[in-house]
Amino acid sequence: MVTVHMIVNPSFYRGEVESQCAALSERLQKRGAVTKVLFSDDFLWGFRNGGTFVKEKADLTVFFNKDHLLAAMLEENGELLLDSARSIRLCDDKCLTYCALSGEGIPFPETLPAPLLYLGTDGEGFLKRVAEELGFPVVAKCRSGSMGKQVRLAENERELRAVAEEFGTTPHMYQKF
């Protein structure tokens, strides 16, 4: 009997994700599979005795989560995963997504990644270049995130500085509106 796990982030297990899991479970169970939804915060995995371990294994794991470390751990332990840890990592970071898509004929907005900083915020010189290259309004967004929760629109230099201060050392980027 084939076992299929669906690993979900409990923060997003409502609405669309819950419906997707239910529909997939129904279809798989009709074909004789045993399905189980596992929340990522209940799923036991880690490092032990100089190696990695995963407590529960399945024939197939459908990954409704962005935790690419967990995905890599599952693959390391021989799990068949949809989607792969690499694709999850690439898709979770918008700049890595653009790197992967670059040169493939897929259009995306002109984008300037903010420098990766450990202290402070984007400098005035960089913000001035953002304004010169992209103009106003300019879209600012965190490189990781979804559902538009970390997206801001800056109409002028003052708003651009405020967004840069808000994002601080969080990896982010600026895009032409």
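These numbers were taken from a predicted model, which means no experiment stands behind them. (Residues numbered from 1 in each chain as written. Predicted model: local features only at pLDDT ≥ 70, side-chain atom pairs only at ≥ 80, totals over all residues. Heavy atoms only, no water.)

## Some details on the nonpolar core
Stated precisely, the cut-off is as follows: Put simply, buried Ala, Val, Leu, Ile, Met, Phe, Trp, Tyr and Cys residues joined by side-chain atoms within 4.5 Å make one nonpolar core. Accessibility here uses a 1.4 Å probe with only protein chains present; expressed as a share of the type maximum, an area under 20% marks a residue as buried, one over 50% as exposed, and anything in between as partly exposed. Runs of E in the DSSP output that reach at least two residues are strands. Runs of H or I that reach at least four are helices, and both are numbered from the N terminus.
Within the largest apolar cluster, 14 residues are counted, with the highest numbers of intra-cluster contacts made by Phe126, Leu127, Val130, Val138, Leu160 and Tyr174. Mapped onto this core, the elements with two or more residues apiece are α5 (124–134), β8 (138–142) and α6 (157–167). With 12 residues, the next largest nonpolar core counts Ile7, Val54, Phe63 and Met73 among its residues.

## Quick notes on the pattern of salt bridges
Using the following cut-off: Salt bridge, as used here: a side-chain nitrogen of Lys or Arg that lies within 4 Å of a carboxyl oxygen of Asp or Glu.
Taken as a whole and assessed by the stated rule, the structure comprises 7 salt bridges. Between Lys30 and Glu26 there is a salt bridge, and its shortest N-O distance comes to 3.4 Å. With Lys30 and Glu26 both in helix α1 (residues 16–30) and 4 residues apart, the pair spans about one turn of that helix. In this structure Lys30 comes out as exposed when scored by relative accessible area, which is 64%. Given a relative accessible area of 45%, Glu26 falls into the partly exposed group.

## Quick word on unusual backbone geometry
A cis amide bond, omega 0 degrees, links Leu82 with the succeeding residue Asp83. Here Asp83 lies in the loop between β6 (81–82) and α3 (85–92). Phi is positive for Asn49, close to 50 degrees, though the residue is something other than glycine. Here Asn49 lies in the loop between β3 (45–48) and β4 (51–54).

## Comments concerning the environment of Ile88
Filter applied, for reference: The contact rule is simple, with two residues in contact once any of their heavy atoms fall within 4.5 Å.
Within the fold, Ile88 resides in helix α3. Taking C-alpha positions, Ile88 is 9.0 Å from Phe63, a pair spaced 25 residues apart along the chain. Excluding residues that lie within four positions of it along the chain, Ile88 makes contacts with Phe63, Asn65, Lys66, His68, Ala71 and Asp83.

## Some words on the packing of α5 against α6
The condition that has to hold: Note on definitions: angles span 0 to 180 degrees between N-to-C directions of axes, and those axes are lines fitted to C-alpha atoms, for helices only across the stretch in contact. For classification, angles of less than 35 degrees are called roughly parallel, those exceeding 145 degrees roughly antiparallel, those between 65 and 115 degrees roughly perpendicular, and all remaining angles oblique. Crossings are assigned a handedness: left-handed for a near helix turned anticlockwise from the far helix by less than a right angle, right-handed for a clockwise turn.
Contact geometry of α5 with α6 gives a least axis separation of 11 Å together with a crossing angle of 125 degrees. Classified by the angle between their axes, α5 and α6 sit oblique to one another. In this structure, the crossing between α5 and α6 has a hand that is right-handed. Residues Glu124, Leu127 and Val130 of α5 pack against Leu160, Arg161 and Ala164 of α6.

## Thoughts on the confidence of the model for the protein chain
We apply this condition: The predictor rates its confidence in each residue with pLDDT, a number between 0 and 100.
Mean pLDDT over the protein chain: 93, with 100% of residues reaching 70 or higher. No element of the protein chain has a lower mean pLDDT than β4, at 87, and none a higher one than strand β9 (residues 151–154), at 98.

## Details of the packing of helix α2 (residues 68–76) against α3
Definition in use: Asp, Glu, Lys and Arg are counted as charged, while Ala, Val, Leu, Ile, Met, Phe, Trp, Tyr, Cys and Pro are counted as nonpolar; the rest, among them Gly, fall into the polar class.
Viewed as axis vectors pointing N to C, α2 and α3 meet at an angle of 170 degrees, and their least axial separation amounts to 8 Å. For the element pair α2 / α3, the angle class is roughly antiparallel. Here His68, Ala71, Ala72 and Glu75 of α2 lie close against α3, whose contacting residues are Ala85, Ile88 and Arg89. Looking at side-chain class alone, the contact of α2 with α3 contains 4 nonpolar, 1 polar and 2 charged residues.

## Focus on the state of the cysteines
The cut-off we apply is this: Any two cysteine sulfur atoms within 2.5 Å of one another count as a disulfide.
Following the criterion strictly, the structure yields 0 disulfides and no others. In this structure Cys21 is a free cysteine whose sulfur lies 18 Å from that of Cys91, the closest cysteine sulfur available. Cys91 takes part in no disulfide bond, and the closest cysteine sulfur, belonging to Cys99, lies 13 Å away. Relative accessible area serves as the criterion here: at 57%, Cys91 is assigned to the exposed category.

## Focus on the environment of Ala131
Tracing the chain through its elements places Ala131 in helix α5. Looking at Ala131, the relative accessible area reads 15%, which means it is buried. For the pair Ala131 and Ala162, spaced 31 residues apart in sequence, the C-alpha separation works out to 14 Å.

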